[in-house]
Each structure stands twice: as structure tokens, then as C-alpha cells.
Amino acid sequence: MSTLSDRLQDIFAKLKGKGKLSEADVSAALREVRVALLEADVNYKIAKDFCAKVKERAVGEEVMKSLTPGQQVVKIVHDELTELMGGTSTKSNSTRLLVNAMPPTVVLMAGLQGSGKTTSAAKIALYLKSQGKRPLLAAGDIYRPAAIEQLEVLGERIGVPVFSLGDKVDPVKIAKDAVAHAKKHGNDYLIVDTAGRLAIDETMMKEISDIRAAVTPTEILLVIDAMQGQDAVNVAAAFHEQLHLTGIVLTKLDGDSRGGAALSVKAVTGQPIKFIGSGEDIKALEPFYPERLASRILGMGDVLTLIERAEANMDEEKMAQMEEHLRKNRFTLDDFLKQSQELRKMGDLKDMLSMVPGLGKQVKNLEIDEKQFVVAESIIHSMTPAERNNPAIISSSRKKRIAAGCGRQVQEINRLLKQFEQMQQLMKRINTAGGKKGKKGGRGAFPGMPGGGFPGF
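Residues numbered from 1 in each chain as written. Predicted model: local features only at pLDDT ≥ 70, side-chain atom pairs only at ≥ 80, totals over all residues. Heavy atoms only, no water.

Colleague: Would you mind going over the overall build of the protein with me for this structure?
Modeller: The helix and strand tally for the protein stands at 20 helices and eight strands. Relative to its 457 residues, the protein shows a buried fraction of 51%. Contacts spanning at least 24 positions in sequence make up 73% of the contacts within the protein whose residues lie at least 6 apart. Approximately 21300 Å² of the protein is accessible, and the part contributed by carbon and sulfur atoms is 51%. (Helix = DSSP H or I, 4+ residues; strand = E, 2+ residues; numbered from the N terminus. Buried < 20%, exposed > 50% of the residue type's maximum accessible area, 1.4 Å probe, protein only. Contact = heavy atoms within 4.5 Å. Areas by Shrake-Rupley, 256 points an atom, 1.4 Å probe, with all protein chains shown as cover.)

Below is the structure:
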């Protein structure tokens, strides 16, 4: 996905650099766009139709005579990318999980082996739990070694019960008994993990079709690996023909995927992408919003997802305390430590920074050493409350004591204090800017976002 994003951003940077655009300029740019899409494993017909739609809108008089024609073309591309992947959220409620009128809502998970199906089942269960639901996981993969154990471990980790009858019972019976168990115990969602294969075969398809017939699922979600490129689209088409899918879960979008699956799968199957996985962490699953991914691809950032992650993961009480300190320009090392901890809850830092508008390409080659967060924490924990509250009192002798207490070097103490000073200055600027706009403190500016002086950067 990052390669496609880089290519498209480079193409449109040239367009935006021109004061006026001719039809020839647009045509030349769209030829490059089509090549970029094809190299990203987007289906040829989809790429061709996409460029034709963009050109039809982009060469209109309104665009050509506008003061910012390059930006107008980028907006058109954004709109068409959004439409290609399913349309805007307000227009497409099909991206939300369907709900059965009589609980439980049965969600049947399908996919090839190695696509991340079992992990995705647990991630969806955690997502539902965070929405106040009572999900139940069912272990229906009796063939892959340790598949049942993997689901049980994940279930215990996220606090969601797992229904299992072992690996000697027919998967159809497991699914049927799981439905009865969910009804008896008041579970409103049942997520059934099924067996996968290294490739599509008749045995696998018959088994999952039998499960489908036995439990009449409300949702049939296909989990596909975005790194498979065009193969992922072919897999989706084959599964949809057999099972009549209701949605797609796209995994490994954080890897070196070329992005073609995300752009093609909706057009090929006609079914919406419902979730995207963007990391190994159990929380690294997001509801899919076509317009947000289009913004990420074009380097416009994704502030809404960033805000949602913050709201879902950050401790409100701690954030309120930090906000109060910011308003009083009293940013301490304790606040610095809390911000580090709250920031890390939000997921992969590099992925998070890429969502900030304008930072996408800048963070691509940024090396983030997350071990430095642990080092910073150990140093701060070795300080006295007075030192954390007022680092100015930390003399050479105090630095030696702190270094001995946490097993680090004095140079590392100096580096952390320098980083803290930079962050303190940044927080003052944010606080001042927030005050000018009539806002409270710097809360709206995401306190805790790195400013060049944060550990690990």
C-alpha cells in the first residue's frame, strides 16, 4: 500500500505544482496513475475504468479554469477511490456488521490458511466487546495443529469465552452446538472460526457450506491477506461464488502490500470491506471507511481514525489532569511519562504518525526505537517526586544516583532531560496556540504526539 501511495503522491505533486492544467497534462498524469495501479496489482479493467471516470470529471471547464486545478483533480481522484472501495460511510451502511433480529448474530469466518482468520475472529470479538456486546467464539478448525488452542489463548487474553468440543467432533456439530450455547448463555454474537487450506479445494468448500446451511449465519466474512495482491482478489471471487459472502476482512495492510486487493476486492465481489487489520496487536483492527483509506493513499492523513484511537485507548482522567497542567504551563516529567504510556496504547507509532496530514511520506523511512520508551520510563521511575516535578534541580550528583538506580549511563539521563525540555517547549506552543483559538489547553492538538523530542525518535 505504501508503494502505491508514494507513486500517486509523486504524480499529483507535479500536477499541483502547475498553475494551469491542459487536457494533455491530465492525460499524461492518468497514464502514470494507471501504471501505478497495475503495478499495485489492481485488476486491469478496474484500473482502466477508474482512470476513465477521473478523466471525464477532470477535464471539465470548472476544473480547468479553477485557481487550483491540481488540487481539484486530486479531490476527484479521492472521490473516485472512495467510490471504488465502497462509497462514503453515510452512503454505505453495509460496512457495518449486520444484526440478527433474534440473537445470536452468527458471524462465519472463512479464508485460506495463513490469512489471519483465527486472529481476526478474536479481534472482531474484542471490537464487539468494546461496543458493549457479549460475543462468543467457536473453535471450528479441527485440522490445523493448535488452532483450537490458539483461539482459546486469544479468548482468554481478551476476556471472551470460547466454545470448543475438541478436534474429534464434526465442525458442523460444533457450530450448531455453539449456537445453542450462545442462546442459553445470552451471547448476542457468535463468531465461528472455520478450517482453512493452503489453497481452495472442494473438501474445504463443502464443509464450510454445510456449516453455513446448519447455522444460517447473518454474516459470512472472508479474511484475505492484502499482501497476496491479485491472488487475494481471485480467492475472494472463488469464495463468493460458493458462499455468497456478506463482507471482507482485509489483513496485513501494514505490511509491504501493493494495495491492489483493497482497491479491487469490492469491485470484483460486490461485497464491502468491513474491517481492516493493520498490525499484529490484538487491538489492530479497524472498521473500514473507504474515504479514510483513500485519504491515506493520497497522503492526506486520517485524523478521524487517529481521534477514535485516542478516545478508545487513552485514559480520560489522566488526559484531563495533563490538560489542567498544560493550561497552567506546568508540564512535568510525570506528565511526560503518562503521555508516553498513553501514546503507546494507541498502537504502532509509525502507523499513527502516518495518519497526521502531511507526515505520510516523512515518516516512511523514520526509524522508531520503542525500546527507548522503556529506557525513559526506567530513568523517570528512578527519580524522586521532587525531581520529576522540577527537573531543574537535577545536578550532576543526582544524575549519577539516578543512573545507578536504573542501570543506565549518565549520558542517557542527559538525553532524556534534553528530550523533555524540547517536549516542554512544544507543549507551551500548543497551549498558546490553543488559547489563541479559544480552546482549553492543548487537548485538541493531541498532547503526547511526538515533536522531535520524544523517546524513540
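Now that the structure is up, let's keep going.
Colleague: Got a minute to help me understand the pattern of salt bridges in this structure?
Modeller: Considering all chains together, one arrives at 16 salt bridges under this definition. Among the salt bridges present, the one from Lys173 reaches Asp177, with a minimum N-O distance of 2.9 Å. Placement of both Lys173 and Asp177 in helix α8 (residues 171–185) is noted, with a separation of four residues, approximately one turn of the helix. For Lys173, a relative accessible area of 43% puts it in the partly exposed group. With a shortest N-O distance of 3.2 Å, Asp225 and Lys252 are connected by a salt bridge. Placement of Asp225 in strand β5 (residues 219–225) and of Lys252 in the loop between β6 (247–251) and α11 (260–269) is noted, with a sequence separation of 27 residues between them. Linked through salt bridges whose partners overlap, the residues forming this network are Arg57, Lys75, Asp79 and Glu80. (Salt bridge = Lys/Arg side-chain N within 4 Å of Asp/Glu carboxyl O.)

Colleague: Explain the packing of aromatic side chains here, please?
Modeller: Each aromatic ring pair is described using two quantities: the centre-to-centre distance and the angle formed by the ring planes. In this structure the tally under the stated criterion is two aromatic pairs. Ring centres 5.2 Å apart and planes at 75° place the aromatic pair Tyr127 and Phe275 in the edge-to-face group. One end of the pair, Tyr127, is in helix α6 (residues 117–130); the other, Phe275, is in strand β7 (residues 273–277), with 148 residues separating them in the sequence. Look at Tyr127 and you get partly exposed, because its relative accessible area is 22%. (Phe/Tyr/Trp six-rings, centres within 6.5 Å; stacked < 30°, edge-to-face > 60°.)

Colleague: Teacher, can you tell me more about the nonpolar core here?
Modeller: Side chains that are nonpolar tend, in soluble globular proteins, to be buried together. Counting 74 residues, the largest nonpolar core has Phe12 and Phe239 as its most contacted members. When sequence neighbours within four positions are dropped, the list of residues in contact with Phe239 reads Ala110, Gly111, Leu112, Ile200, Met204, Met205, Leu222, His244 and Leu245. With 24 residues, the next largest nonpolar core counts Ala125, Ile158, Phe275 and Leu285 among its residues. (Core = buried A, V, L, I, M, F, W, Y, C linked by side-chain atoms within 4.5 Å.)

Colleague: How should I be thinking about the pairing of β5 in this particular structure?
Modeller: A regular strand places its side chains on the two faces of the sheet in alternate fashion. For β5, a buried count of seven out of seven residues is recorded, marking the element as mostly surrounded by other parts of the structure. The alternating pattern of β5 places Glu219, Leu221, Val223 and Asp225 and Ile220, Leu222 and Ile224 on opposite faces, both of which are buried. Sheet analysis places strand β1 (residues 105–110) next to β5, joined by four bridges and oriented parallel. By the bridge assignment, Val107 is partnered in β5 with Glu219. In terms of strand pairing, β5 meets β6 through five bridges, oriented parallel. Bridge pairing links Leu221 to Gly247 in β6. (Pairing = 2+ DSSP bridges.)

Colleague: Please explain the sheet that holds strand β4 (residues 189–193) as it appears in this structure.
Modeller: Across a sheet, paired strands are connected by hydrogen bonds in the backbone, their directions being either parallel or antiparallel. Judged by pairing direction, the sheet is mixed, and its eight strands sit side by side in the order β3-β2-β4-β1-β5-β6-β7-β8 without closing on themselves. Of all strands in the sheet, those with a lone pairing partner are β3 (162–163) and β8 (285–287), marking the two edges. Contacting β1, β2 (135–139), β4, β5, β6, β7 and β8, α6 crosses the sheet at an angle of about 170° to β4. (Axes fitted to C-alpha atoms, helices over the stretch in contact; angles between N-to-C directions.)

Colleague: What should I look at first to understand helix α5 (residues 69–84) in this one?
Modeller: In an α-helix there are 3.6 residues to a turn, and that puts residues three or four apart on one side. Over its 16 residues, α5 runs 22 Å from end to end, which matches the ideal 22 Å to within 8%, given 1.5 Å per residue. Listing the buried residues of α5 in full gives Pro69, Gly70, Val73, Val74, Ile76, Val77, His78, Glu80, Leu81, Thr82 and Leu84. Of the residues trailing α5, Gly86 is marked for its positive phi of about 135°. (Expected span 1.5 Å × (residues − 1).)

Colleague: How should I be thinking about the environment of Thr251 in this particular structure?
Modeller: Residue position: Thr251 is located in strand β6. Filtering out sequence-adjacent residues up to four positions away, Thr251 remains in contact with Ser115, Ser120, Val223, Ile224, Asp225, Ala226 and Gly277. Within the structure, the side chain of Thr251 is placed 2.8 Å from the backbone oxygen of Ser115, a separation counted as a polar contact. (Polar contact = N/O pair within 3.5 Å; in protein donor to acceptor, adjacent residues only side chain to side chain.)

Colleague: Looking at this structure, how should I read the environment of Ala232?
Modeller: Tracing the sequence through the fold places Ala232 in helix α10 (residues 230–243). The exposure class of Ala232 is buried, given its relative accessible area of 0%. Expressed as a C-alpha distance, the spacing of Ala232 and Leu112, which sit 120 residues apart in the sequence, is 9.8 Å.

Colleague: For this particular structure, what's the right way to read the side chain of Thr269?
Modeller: Along the chain, Thr269 turns up in helix α11. Polar side-chain contacts of Thr269 include one of 3.0 Å to the backbone nitrogen of Gln271. Among all residues touching Thr269, those that are not within four sequence positions of it are Ala236, Ala237 and His240.

Colleague: Help me understand the confidence of the model for the protein, please; the structure alone is not making it clear to me.
Modeller: Low-confidence regions, as indicated by low pLDDT, have predicted coordinates that should not be scrutinised in detail. Overall, the predicted model of the protein reaches an average pLDDT of 81, with 77% of residues at or above 70. Throughout residues 436–454 the model reports pLDDT below 50, and contacts reaching past four residues in sequence, or to other chains, amount to 51 contacts. (pLDDT = per-residue confidence, 0-100.)

Colleague: Looking at this structure, I do not really get helix α2 (residues 23–39). What am I missing?
Modeller: With 17 residues, α2 extends 24 Å from end C-alpha to end C-alpha; this agrees with the ideal 24 Å at 1.5 Å per step. Listing the buried residues of α2 in full gives Asp25, Val26, Ser27, Ala29, Leu30, Val33, Ala36 and Leu37. In the stretch just after α2, Asp41 is the one whose phi turns positive, near 75°.

Colleague: Whenever I open this one, the packing of helix α3 (residues 44–58) against α5 confuses me. Can you help?
Modeller: A pair of packed helices is characterised by two quantities: the angle between their axes and the separation of those axes. Two elements in contact, α3 and α5, have axes separated by 10 Å at closest approach and are oriented at 140°. Between α3 and α5, the angle falls in the class oblique. Crossing hand, α3 versus α5: right-handed. Residue-level inspection shows Ile46, Phe50, Lys53, Val54, Arg57 and Ala58 of α3 in contact with α5, the latter providing Val73, Ile76, Val77, Asp79, Glu80, Leu81 and Leu84. Looking at the contact of α3 with α5, its residues break down into nine nonpolar, no polar and four charged. (Parallel < 35°, antiparallel > 145°, perpendicular 65-115°, else oblique. Left-handed = near helix turned anticlockwise from the far one by under 90°. Nonpolar A, V, L, I, M, F, W, Y, C, P; charged D, E, K, R; others polar.)

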